[in-house]
Amino acid sequence: MTETVASPGVREPEAGGTAARILDGVKVYGSGATLVRALDGVTAEFANGEFSAVMGPSGSGKSTLLHCLAGLERLTSGQVLIDGVDLGQLKDKAMTLLRRERVGFVFQSYNLVPTLDARENIVLPLTLAGRKPDRDWFDSLVSTLGIGDRLRHRPSELSGGQQQRVAMGRALVTRPALVFADEPTGNLDSRSATDLLEQMRATVDTWGQTVVMVTHDARGASYADRVLFLADGHIVRELPAPSSDTILETVRELGD
Amino acid sequence: MWRVTLTGLLAHKVRYALTALAVLLGVAFMAGTFVFTDTIKHTFDGLFSDVYSNTSAVVRAKQAYTPGANFASQRRLIDADLIPTVRQVPGVTTVSVGVEGYAQLVGRDGRAIGNPAAGAPTLGEAWTSGAERMEPYRFAEGRPPHGSDEVAIDKNSANLGHLAVGDRVVVLTKQQPREYTISGIVRWGSADSPLGASITLFDLSTAQQVLGEPGHVDEIDVAAAPGVSQEEMVRRLQAVLHRPGLEVITGAKVTEEGQNGIHQALAFFDTFLLVFAGIALFVGTFLIFNTFSIVVAQRMRELALLRAVGASRVQVVGSVLGEALLIGLVASAAGLGAGVALALGLKALLTALGFALPSSGLLVTTRTVVASMVVGVTISLAAALVPAWKAGRVPPVAALREVEVDEEPHVVRRAVSGFALFAVGAGLLLAGLLAHLPHRTAYLGGGAVLVFVGIAVAGPVLARPLCRVIGAPLRWRGGTGRLAQSNAMRNPKRTSSAAAALMVGVALVALISVMASSTKTSIGSVVDSAMRADFVVGGGGTPGGESGFSPTLARQLGALPDVASATGVRSGSVNIGGTTMVVLAVDPRHLDDLFDIDPREGDLATMGPTGIAISQEVADSDHLRVGDRLPVTFPTTGRQPFVVRAVYGARQLAGDYVLPMAAARRHFSSQLDIQVYARLAPGVSADAAREAIEGVLAAYPNATLMDRTQYKHEQEAQIDQLLGLMYGLLGLALVIALIGIANTLALSIYERTRELGLLRAVGMTRRQLRSVIRGESVLIALLGTVEGLVVGVLLGWAVVASLRSQGVTELSVPLTLLLVVALLATLAGVLAAAGPAHRAARLDVLRAISRH
């Protein structure tokens, strides 16, 4: 079990390069009367080392955007490029390997494997690739996430915040080009949520990690470098250097 | 609540379909057995009534006792001069004379037709001209035999031997083999032959000469004038026949005897098949239990919600039992249908194997229908009882909280009660095996069931440590292997009960393998230690049967210069001290030359015609010594005085009693040798002797010449044949066990959909996912196999120990075979995982993750 993608190993992010790009992305569900255009011609770029938040009302297409960017779902038309690789050209297996090597995930409901302990959950993508974790990287990861003393515990023995930090560790362990987070703080109390957001910010600042996070929490989005607002499958606004206030203001504006 | 039950069933069609399949297979096997044997019984009952419809009364020799269904009739002959006396009795219209004996046809290819040593008998009979309406045979072609050069043969043999009217055919009898012309081909009622027996008809005087004795016949059948009842006919015959040892019975009685004979022969077959149907149903019970347990666990919230909105505990239990009832009903009905199809298949199979079965429709009796439905439904309900009770105990508040599916087993309680059940079961088994109790089979069956249930109860405690050990190699396969192992270990209750079904099947396979292997080894060592003869001529017949080699053969072999001594072995039914058995008779002068039966007391060689040799065991248990009187009753000649002349040790070879040939000549009804043993003259090479002996055997196409090694192999081959049949039947139980594993996996995967989606999302390929599920399946299969092998070998050891007195003295565990079983189980695990793994790999990743 030593499958790797075409670009093996860990790549240093090129300063100023693009981690992911979506060009004129269209995603259509159903047909005829029940046809829904979840994405309706979305074009966006995610620069290396940038922390982007995606906001929008339910049904705006933000989760669909995330899933298509992450290679969990295919566009109806348009293009998604991760690290310069066109996802539309990949078969299921190559897509799986790309997810394993180049993409990290954090979900709202922690989604850890119940039979594995924290450590095993973190290194799962490497285990699946038949690789050993880089010791130094692993150590700095767990100490940054503050879960060094929880590594032998099963998910059922961890609090929600701890579980989400383990999920964060799993997302980062392969040093992916991108980490996608889908409402990562949705199930957490405010204290744990703050901790997690600070850690995400720290990964961007310390390691130059690229992060794309879907959220409907203005405070959460304020940790990002920019916020993309979606409505009816279009990007309707981009807000650089956001604060909670400017975000809430924009939400109100768009709601009118 | 019925609506809830129904929607519950409909919502989980697939998982219940597999459960129903397990019940269906077991019921089908049972129903198939019933339908088949009922049909055969009914057909033969009808045939016997037809065949004897014109027979009013039968005159024949009395029997001291009835030797049993599987033996030839074993009566003395009666004087042929009774025939004119019988003819003159008022009311007698037709007389048919019965002469019966061994006759075997030789086919076109020079090979003997039929094998009386292993299959249906080969019989010769007299055809009485002028009594056609009383004959059971009808001419399909040609005409009855006339004179000493003609025979008529049955259609089945004609087909097998490619023989036609006008052909010359060699017939083996107790005389020298001879060639005859086929004058006609007959059928028996609507069948080509009676149950596949091969039939050769001679005219009366030829039959007396080659089958019986000139001047004697076996029986005289009479037809009565209209108005004379069978009882009246019997009375009139009895009035004129005053000789002692004669009996006159009604045609109705003879019909009944024939029918009973068939019933008894079928009863063995019946029981044999029903035992395997029982095993299949027992294994199916585990499957049903497991399915319901998992389904109840998965529906915990739904059931709690029902309780919360006001359903009573009884209603919840009832809804689960209701599902079981419906499954039981549907599966039993379908099983009944499948059973009818199975009976048809069985009939076709037996026909293909050479049993000529009469064509007839299938008979589905009320008993078959009722038994199938009752058994199927009862088993479904019984298996669902515990899960249903658990469902009733779900507290309403469970509806509101996250459900913990992976519950920990109560280790101590399970271990203790499992062990207790196991111990009681083992006790019953040992009692059944070692003590001479009435209803032994009940002890054995009950004991085996308890042993298996005990292990199943303790299973969850054993599952984790066993999976850790057995699954160790999986870890070499990296991450997927580890995941597979931890999946198998996460719910030990589920894993162990999925494995339990396989455990039962594998244990039975291991048990019979150990028994067979031990028996073979024991036979081998007896042949090595106790047989001095260099060659055995086999293929003659079974002990107690009516077929064999003409005594001429042993004489001819003994006369060869290359052969130092040769003797035939004869067999017959006797009754000693109230027990009926088949004993062997040999020429005492050659005994020591050919066998080492470990003489302990007395002298075998000087045993006169009223001497008998007994085994040390019998001498000890019955307190007999050389010189003691030991009366022996024969069916033909009644009670006869015998005196113990020798005691021997090697009972494995000769049984408990050995009679001198002189006694056999006087009292056995069959005067044919079932085997002939020969020892070579000193200095003669085996090859030279073989050539000389085969020269003599050329005239006996039914004979097979075997040296010691070949003889051993032949004995082993007989065991292997039976073994093959049993493996085939146990295969059904194994298939059901595999369905169980597949079902458990499918249910587990359904439950883990989200987790699997997650694994796919973080980079598990489809292939890796399939490999994880396969790994889990193989682990479950291996768990069941390892448990089964251990239990089976232990049971085998107990059974072999109990058979010590039956001549099974050596315990032999066929390691290679058991290894093959383990390998097959691994393969089976892969097979069982195929469906679930395929489905899991096709999961839509997104939908799996977002499912709650």
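On a predicted model such as this, the values are computed, not experimentally measured, just so you know.

## Brief notes about the overall build of chain B
Helices and strands together make up the secondary structure of chain B, namely 26 helices and 25 strands. A principal-axis box enclosing the C-alpha atoms of chain B has dimensions of 100 × 70 × 50 Å. Expressed as a percentage of its 852 residues, the buried residues of chain B come to 49%.

## As for the confidence of the model for chain B
All names here are of chain B. Per-residue pLDDT for chain B has a mean of 85; in total, 95% of the residues score no lower than 70. Looking across chain B, the model is least confident in helix H1 (residues 2-11), with a mean pLDDT of 61, and most confident in strand E8 (residues 150-154), with 95. Across the interfaces of the predicted complex, the ipTM metric reaches 0.79, alongside a pTM of 0.78.

## Quick word on the packing of helix H12 (residues 440-470) of chain B against helix H15 (residues 492-530) of chain B
All names here are of chain B. Put simply, H12 and H15 touch, their axes get as near as 8 Å, and they point 125° apart. Comparing their axes, H15 and H12 come out oblique. Relative to H15, the crossing made by H12 is right-handed. Judged by residue contacts, Phe452, Ile455, Ala456, Gly459, Pro460, Leu462, Ala463, Arg464 and Cys467 of H12 engage Pro492, Lys493, Thr495, Ser496, Ser497, Ala500, Met503 and Val504 from H15.

## Overview of helix H10 (residues 366-392) of chain B
Between the first and last C-alpha of H10 of chain B there are 37 Å, a value that for 27 residues agrees with the 39 Å anticipated at 1.5 Å per step. At Leu385 of chain B, H10 of chain B shows its maximal kink, close to 45°; a proline, Pro387 of chain B, follows between one and four residues later.

## Comments concerning the sheet that holds strand E4 (residues 77-82) of chain A
Either a parallel or an antiparallel arrangement is found when strands of a sheet pair, and the pairing is made through backbone hydrogen bonds. Residue and element names in this part refer to chain A. Overall, antiparallel pairing links the four strands, which are arranged E2-E1-E4-E5 in an open sheet. Strand pairing shows two members of the sheet lacking a second neighbour, strand E2 (36-47) and strand E5 (85-86), which therefore form its edges. In the sheet, strand E1 (residues 18-29) pairs with E4 via five bridges, with the strands oriented antiparallel. Each residue of the ladder has a partner; that of Leu23, found in E4, is Gln79.

## Quick notes on the interface of chain A and chain B
If you look at the interface, chain A gives 22 residues, while chain B gives 19 residues. Among the elements of the structure, helix H2 (92-102) and helix H4 (124-129) of chain A are those that each provide at least two residues to the side of chain A that touches chain B. For the side of chain A that touches chain B, the element with the most residues is H2 of chain A, which contributes six residues. When its residues are assigned to classes, the side of chain A that touches chain B shows ten nonpolar, six polar and six charged.

## Considering the domain arrangement of chain B
Residue and element names in this part refer to chain B. Taken domain by domain, chain B holds domain 1 (1-55 + 262-405), domain 2 (77-244), domain 3 (462-532 + 708-852) and domain 4 (540-702). Relative placement of domain 3 and domain 4: their C-alpha centres are 47 Å apart. Each side of the interface is counted separately: domain 3 has eight residues, and domain 4 has eleven residues. Looking at side-chain class alone, the side of domain 3 that touches domain 4 contains three nonpolar, four polar and one charged residues.

## Observations regarding the sheet that holds strand E1 (residues 57-61) of chain B
Residue and element names in this part refer to chain B. Pairing is antiparallel in the open sheet, where four strands are placed in the order E3-E13-E1-E14. Edge positions in the open sheet fall to strand E3 (92-98) and strand E14 (246-250), since each of these has one partner strand only. Put simply, the sheet's adjacent strands are angled 20° from each other on average, direction ignored. Relative to strand E13 (residues 219-224), E1 runs antiparallel, the two sharing four bridges. Note on E13: the bridge partner recorded for Val58 is Asp221. The strands that helix H6 (residues 230-240) touches are E1, E13 and E14; relative to E14, the one it contacts most, it runs at about 165°.

Rules used in this analysis
- Residues numbered from 1 in each chain as written.
- Chains lettered and ligands numbered in written order.
- Predicted model: local features only at pLDDT ≥ 70, side-chain atom pairs only at ≥ 80, totals over all residues.
- Helix = DSSP H or I, 4+ residues; strand = E, 2+ residues; numbered from the N terminus.
- Buried ≥ 20, exposed ≤ 12 C-beta atoms within 10 Å, placed from the backbone.
- pLDDT = per-residue confidence, 0-100.
- Axes fitted to C-alpha atoms, helices over the stretch in contact; angles between N-to-C directions.
- Parallel < 35°, antiparallel > 145°, perpendicular 65-115°, else oblique.
- Left-handed = near helix turned anticlockwise from the far one by under 90°.
- Contact = placed C-beta atoms within 7 Å.
- Expected span 1.5 Å × (residues − 1).
- Bend = angle between axes of the 7 residues up to and from the residue.
- Pairing = 2+ DSSP bridges.
- Nonpolar A, V, L, I, M, F, W, Y, C, P; charged D, E, K, R; others polar.
- Domains from an automatic or database assignment.

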